[in-house]
Amino acid sequence: IGGPVRSVAATANGVGVGGEFFTVGGVPRQNLAAIDLNTGRSLAATPATPFRVKALLKLGDVMVVGGERPFNVAGPDVTAFSTTTGGIIPWSLTSNGQIHALATDGRRLFIGGNFSLLSGNLRLNLASVDLATTALTSWNPSPDQTVRTLAVSAGVVYAAGYFNTLPGYGRPGVTAITPDTGAVLSFNPAAPGGPGEGGLKVRDG
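Below, the structure is looked at part by part. (Residues numbered from 1 in each chain as written. Predicted model: local features only at pLDDT ≥ 70, side-chain atom pairs only at ≥ 80, totals over all residues. Heavy atoms only, no water.)

**Here's the deal with the nonpolar core**
At step 1: Within the largest apolar cluster, 15 residues are counted, with the highest numbers of intra-cluster contacts made by V64, W91, L93, I99, L102, L109 and I111.
At step 2: Secondary structure elements with two or more residues in this core: β6 (52–59), β8 (78–82), β9 (98–104), β10 (108–114) and β13 (126–130).
At step 3: Each residue touching L102, except ones within four places of it in the same chain, is listed here: A55, L56, L57, V64, V65, G66, L109, F110, I111 and L150.
At step 4: Residues A103, L126, L166 and I177 belong to the second largest nonpolar core, which totals 13 residues. (Core = buried A, V, L, I, M, F, W, Y, C linked by side-chain atoms within 4.5 Å. Buried < 20%, exposed > 50% of the residue type's maximum accessible area, 1.4 Å probe, protein only. Helix = DSSP H or I, 4+ residues; strand = E, 2+ residues; numbered from the N terminus. Contact = heavy atoms within 4.5 Å.)

**A look at the sheet that holds strand β2 (residues 14–19)**
At step 1: The 3 strands are arranged β1-β2-β5 in an open sheet whose pairing can be described as antiparallel. For this open sheet the edge positions go to β1 (5–10) and β5 (32–36), each flanked by a neighbour on one side alone. For this sheet, the mean angle separating the axes of adjacent strands, direction not counted, is 25 degrees.
At step 2: For β1 and β2, the ladder comprises 5 bridges, and the chain directions are antiparallel. Paired with S7 across the two strands is G18, which belongs to β2. (Pairing = 2+ DSSP bridges. Axes fitted to C-alpha atoms, helices over the stretch in contact; angles between N-to-C directions.)

**A word on the environment of I89**
At step 1: Residue placement: I89 occurs in the loop between β8 and β9.
At step 2: Spatially, the C-alpha atoms of I89 and T79 are 7.4 Å apart, while their sequence positions differ by 10 residues.
At step 3: Excluding residues that lie within four positions of it along the chain, I89 makes contacts with V62, A80, F81 and S82.

**A few points about the sheet that holds β6**
At step 1: The strand order across the open sheet built from 3 strands is β6-β7-β8, with neighbouring strands paired in antiparallel fashion. For this open sheet the edge positions go to β6 and β8, each flanked by a neighbour on one side alone. Averaged over neighbouring strand pairs, the angle between their axes works out to 25 degrees when direction is ignored.
At step 2: Pairing between strand β7 (residues 62–68) and β8: 5 bridges, direction antiparallel. The residue bridging V62 from the neighbouring strand is S82, located in β8.

**So, a nonpolar patch on the surface**
At step 1: Together, I1, V5 and V8 give the surface a local cluster of nonpolar side chains, amounting to about 260 Å² of exposed area.
At step 2: On the secondary structure map, V8 appears in strand β1. (Patch = residues over 30% accessible without salt bridge, like charges linked within 9 Å, V, L, I, M, F, W, Y side chains within 5 Å. Areas by Shrake-Rupley, 256 points an atom, 1.4 Å probe, with all protein chains shown as cover. Salt bridge = Lys/Arg side-chain N within 4 Å of Asp/Glu carboxyl O.)

**Some remarks on the side chain of T79**
At step 1: By the element assignment, T79 lies in strand β8.
At step 2: By relative accessible area, which is 14% here, T79 ends up buried.
At step 3: Discounting chain neighbours no more than four positions away, the residues touching T79 are F51, M63, V64, V65, W91 and S92.

**As for the environment of G97**
At step 1: Relative to the helices and strands, G97 is located in the loop between β8 and β9.
At step 2: Residue class for G97 comes out partly exposed when judged on its relative accessible area of 24%.
At step 3: Separated by 58 residues in sequence, G97 and T39 have C-alpha atoms that sit 37 Å apart.
At step 4: Excluding residues within four positions of it along the chain, G97 makes contact with D77, N114 and F115.

Put into C-alpha cells, the structure is as follows:
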C-alpha cells in the first residue's frame, strides 16, 4: 500500500483499508481500498476518496467512511458506499474539523472527532445519526476536546480522547454516555491525556 493505513474494517470476503495513499498493489486507489483476503489483491473499485480516511465502519452492505479533508479542499468528510457495487450512497456529512471515530448500536451511527459543526449543525466533537432516516439527531454530549475512539456496549456509548470535561462533569480522557438522552454516566476511570494513538475496547459479559 502506497502510504499510511489509518483504519481497517473486515467484510465477508475481504478487508477494507483507509488512510493516505494513491495505490494498492500497483492499482490506483485513492485513500480507500478493498483487499481480497485470499489473494491480497485489490477487489473491485472502491470510490476515490479525496479526504484522508481515518475511520471505517461496516453497516450491512454499506461501508461508512470518515476522515480529514486536506487544507482548502471542499466537500464532505463522512461518506458511505456499497460494499457490493462500490457505488457511493447519496448521503454525506461535512464537518468543520476532522472525523476520527465511528460506531453503532444498530439504530444510530455515532461520530467522534474534532469539530463544532456537522453540515451546519452545532455538534461539539460527538454526534449521532438516525440510521432509519439518515438525519442527525439532537444528541450532543459536547466533550470539550477531540474524541479519538468510540465503542458501544449494552446500551452505553463509550468515548475516549483528549477531552477533560463534558458540560457539568469532569471526565478526563474517557466517558460513558447514554445513546438516547446524552446523559453522562458515573463511569470515570480518569485517563488524563487521552488514549493517544490507541483504541477503546469494551468486553461484554
